[in-house]
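Coordinate inspection notes
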Amino acid sequence: MAVLVLGAGGHARPVIEAIRANGSAVAGLLDDGGDHGPVLGCAWLGDTGLLAALRAQGLVEAVIAIGDNAARQRLGALCEAAGFTLPPLLHPAALVSPSASIAAGAQVMARAVVGPEAALGRLALVNTGAIVEHECTLGEAAHLGPGAVLCGRVSLGARVLVAAGAVVRPGVTIGEDALVAPGAAVSAEVTPGARIGGVPARPLR
């Protein structure tokens, strides 16, 4: 079955390769930013105004290839309103526990690890080489950057970004819309909307 991809920027590339690695084809790309030209051989079909027409033509599944959390959440809702399903996307080179829970539209990219009883919310993104240890939860449209590590029982709220190489100690809760800068070491609770970085992590100005 061919899959529609929303987004033609940088994150589209690993998404396209993950789709193909799972044995599916890419029907084409939608992007409101205009014609980017082909991406890994996949054609730009137009903007999101075409969603209803493409659904009427028989396309059923869509994958959101957008790194920005709020945009990924918005486009996911737009696809569902047009009648598309949002299948989870698990790269075959990822290691995902059979006891983990993966919601609609969540993505686990190559070499990532999702541990026992972890729960990935709708449209959550676990990027390349990231680690989600046992019993962690990622809220809707949360994003764990490349090489970042969540130790056991960490909780990320909706739309949280834990950027590349950051580490969060066991049991920490990070409130919705917070941002953890690259390489940070988080050892305490993070309030919603906060921006933190450094070792140990502190509020950013």
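Structure's up top.
Okay, so let's go over this structure.

Thresholds applied
One numbering rule holds for all chains: residues counted from 1, following each sequence as written. Side-chain atom pairs in this predicted model are given and counted only at pLDDT of 80 or more, local residue features only at pLDDT of at least 70, and totals for whole chains, interfaces and linings cover all residues. With hydrogens and water excluded, all non-hydrogen atoms of the structure serve as input to the side-chain values. Strand pairing is assigned whenever DSSP detects at least two bridges linking the two strands. Only DSSP runs of H or I reaching four residues or more are called helices, and only runs of E reaching two or more are called strands; each is numbered from the N terminus. With axes taken as lines fitted to C-alpha atoms, and helix axes fitted only over the stretch in contact, angles between N-to-C directions fall between 0 and 180 degrees. Polar contact is the term for a pair of N or O atoms within 3.5 Å; when the atoms are in protein, one must be able to donate a hydrogen and the other to accept it, and sequence-neighboring residues count only if both atoms are side-chain atoms. Any two residues whose heavy atoms approach within 4.5 Å are treated as being in contact. The term salt bridge refers to a side-chain nitrogen of Lys or Arg lying within 4 Å of a carboxyl oxygen of Asp or Glu. Three exposure classes are used, based on accessible area relative to the maximum for each residue type with a 1.4 Å probe and protein chains only: buried under 20%, partly exposed in between, and exposed over 50%.

One open sheet holds the four strands; their spatial order is E3-E2-E1-E4, and the pairing between them is parallel. Among the strands making up the open sheet, the edge pair consists of strand E3 (44-46) and strand E4 (61-64). Sheet twist, expressed as the mean angle between neighbouring strand axes with direction ignored, is 35°. Judged from the five bridges that link them, strand E1 (residues 2-6) and strand E2 (residues 25-30) form a sheet pairing that is parallel.

Topologically, histidine 143 is positioned in strand E14 (residues 143-144). At a separation of 3.2 Å, a polar atom in the side chain of histidine 143 contacts the main-chain carbonyl oxygen of glycine 67. Sequence-distant contacts of histidine 143, that is, excluding residues within four places in its chain, are made with Gly67, Asn69, Arg72, Leu125, Asn127, Val160, Leu161 and Val162.

This next bit is on the pattern of salt bridges. Across all of its chains, the model carries four salt bridges by this definition. Between arginine 153 and glutamate 135 there is a salt bridge whose closest N-O contact spans 3.1 Å. Of this pair, arginine 153 sits in the loop between strand E15 (149-150) and strand E16 (155-156) while glutamate 135 is found in the loop between strand E12 (131-132) and strand E13 (137-138), placing the two residues 18 residues apart along the sequence. The structure contains a network of salt bridges with shared partners spanning Glu80, Arg122 and Glu140.

Let us now look at the environment of threonine 191. Mapped onto the elements, threonine 191 comes out in the loop between strand E21 (185-186) and strand E22 (195-197). Assessed through its relative accessible area of 52%, threonine 191 is described here as exposed. It is 9.9 Å that separates the C-alpha atoms of threonine 191 and glycine 157, two residues lying 34 residues apart in sequence. In this structure, threonine 191 is in contact with Gly175 and Ala178, ignoring residues within four places of it in sequence.

With that out of the way, let us pick up unusual backbone geometry. Looking along the chain, the bond that leaves valine 199 and enters proline 200 is cis, with omega of -10°. Its location among the elements puts proline 200 in the loop between E22 and strand E23 (202-203). Residues other than glycine seldom take positive phi values, yet arginine 159 does so here, at roughly 65°. When you line up the elements, arginine 159 lands in the loop between E16 and strand E17 (161-162).

With that settled, the discussion passes to the side chain of threonine 48. Mapping threonine 48 onto the fold places it in the loop between E3 and helix H2 (51-56). Threonine 48 has contacts with Leu6, Leu30, Asp32, Leu75 and Leu78, leaving out every residue within four places of it along the chain.

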